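Chain by chain, the residues run as shown.
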There are 2 protein chains.
Amino acid sequence: MTRGSLLPVLLALALGGCTSANAPAPPETNATADVAAVNALREAFVNAYNAGDAGALGNLYTADGVSQSNNQPTLTGRDAIIASQKAMFEQVSVKLDLQPEETRTEGTTGYDRGHYTVEVTPKVGGSATTTEGRYLVLLVKEADGAWKVSRDMDNIAGAPPAAPASTAP
Amino acid sequence: MTRGSLLPVLLALALGGCTSANAPAPPETNATADVAAVNALREAFVNAYNAGDAGALGNLYTADGVSQSNNQPTLTGRDAIIASQKAMFEQVSVKLDLQPEETRTEGTTGYDRGHYTVEVTPKVGGSATTTEGRYLVLLVKEADGAWKVSRDMDNIAGAPPAAPASTAP
């Protein structure tokens, strides 16, 4: 075999290693490690809430996080979120439970969607109130690999539509 | 120059074309065409709402879309969304306005976040009611390049915290 006949082979081998360069692979969806990290983030979120730890809760948001809880003002940035939660935890104890229904990551973004139950008890005394609702949380994987909450919103589910009234006599 | 001295050059050229193969480029963020398509989707959404066109509205969602409007049941799938909107449009006329505050696309996913104002007028007569709130919409770019709503949620903003009461005498 002459050197001349090797050239096409070497070029083919060199190019063969980068066949995906022209069509970059889409980011990985629901990578096991990412979903595990999001599950751990959700658990840490619940734990921080139930411990009344505003600082720990704030650190689970991106620095530019935006929190938009139902019937609450929009909180923009981690500092605003911490200040608001701190003020709340001075007034009440909270027992939060999150029931995820859907978790999806794609590359360095994702979301978590589900139901929540929260029991709020005033610290000055008085009876607890329990609220159930739905949440939608946007997630970002930061440069150091940590998943954080970047945006969140929640609301209350309405009852399913009533069955049509019978028209039978 | 001999053929032998050309070989390294050719190999370098061949490999140089795929330097990004080992570290795939992250998906493009806020590509001009994607943001324009999302803006057009938002406009089409408002137009379908204001025309009372449940079918047109449903077609702006992914087939597996999930809509979770405040105080409404969770609607899962385009068909459920269309049926619910059709029932609503038989009862009321709607005048919707969306004021986006943040639009972000990254590859084939994204979100749109902002405020809404909606005026609802009963078709049987009666006065209109106007509601203002916030929305968070998840977006997906489908295989044919069309952007669709995959998940949505809205709620009502609370007033900012009141200034502390003055303790001056």
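First, a word on scope: everything that follows refers to the structure included in this document. This is a predicted model, so every value here is computed, not measured. (Residues numbered from 1 in each chain as written. Chains lettered and ligands numbered in written order. Predicted model: local features only at pLDDT ≥ 70, side-chain atom pairs only at ≥ 80, totals over all residues. Heavy atoms only, no water.)

To continue, consider the pattern of salt bridges. All told, the structure shown has 16 salt bridges over all chains when counted by the stated rule. For A:Arg113, the salt bridge identified is with A:Glu102, shortest N-O distance 2.7 Å. Here A:Arg113, found in strand β4 (residues 109-122), pairs with A:Glu102, found in strand β3 (residues 92-106); they are 11 residues apart in sequence, far enough to count as distant. Residues B:Glu106 and B:Arg104 are paired through a salt bridge, measuring 3.2 Å at the closest nitrogen-oxygen approach. For B:Glu106, a relative accessible area of 13% translates into the label buried. Owing to a relative accessible area of 33%, B:Arg104 belongs among the partly exposed residues under this scheme. A single network of salt bridges, built from pairs that share partners, joins A:Asp64, A:Arg151, B:Glu101, B:Glu102 and B:Arg113. (Salt bridge = Lys/Arg side-chain N within 4 Å of Asp/Glu carboxyl O. Helix = DSSP H or I, 4+ residues; strand = E, 2+ residues; numbered from the N terminus. Buried < 20%, exposed > 50% of the residue type's maximum accessible area, 1.4 Å probe, protein only.)

In this section: the sheet that holds β3(A). Pairing between sheet strands relies on hydrogen bonds along the backbone, with the strands arranged either parallel or antiparallel. Residues and elements named next belong to chain A. Strand order across the open sheet formed by six strands is β2-β1-β6-β5-β4-β3, with mixed pairing between neighbours. Looking at the sheet topology across the chains shown, the edges are occupied by β2 (75-76) and β3. Lying on the sheet, helix α2 (residues 32-51) is in contact with β1 (61-68), β3, β4, β5 (129-141) and β6 (147-155); it crosses β3 at an angle near 170°. Taken strand by strand, helix α4 (residues 78-91) contacts β1, β2, β3, β4 and β6, and its axis lies near 55° from that of β1. (Pairing = 2+ DSSP bridges. Contact = heavy atoms within 4.5 Å. Axes fitted to C-alpha atoms, helices over the stretch in contact; angles between N-to-C directions.)

Turning to the packing of aromatic side chains, a few remarks are in order. Residues and elements named next belong to chain A. Inspection of the entire model under this criterion finds six aromatic pairs over all chains. Ring plane angle 85° and centroid distance 5.7 Å describe the contact between Tyr49 and Phe89, whose orientation is recorded as edge-to-face. On the criterion of sequence distance, the pair formed by Tyr49 in helix α2 and Phe89 in helix α4 is long-range, its members being 40 residues apart. These aromatic residues form a ring-pair network of at least three members: Phe45, Tyr49, Tyr61 and Phe89. (Phe/Tyr/Trp six-rings, centres within 6.5 Å; stacked < 30°, edge-to-face > 60°.)

A separate point is the pairing of strand β6 (residues 147-155) of chain B. Residues and elements named next belong to chain B. Among the nine residues of β6, nine are classified as buried, and the element is accordingly described as predominantly covered. Examined bridge by bridge, strand β1 (residues 61-68) and β6 share four bridges and lie parallel to one another. Residue pairing across strands places Tyr61 opposite Val149, the latter belonging to β6. One ladder, built from eight bridges, connects strand β5 (residues 129-141) with β6; its direction is antiparallel. By the bridge assignment, Val137 is partnered in β6 with Asp152.

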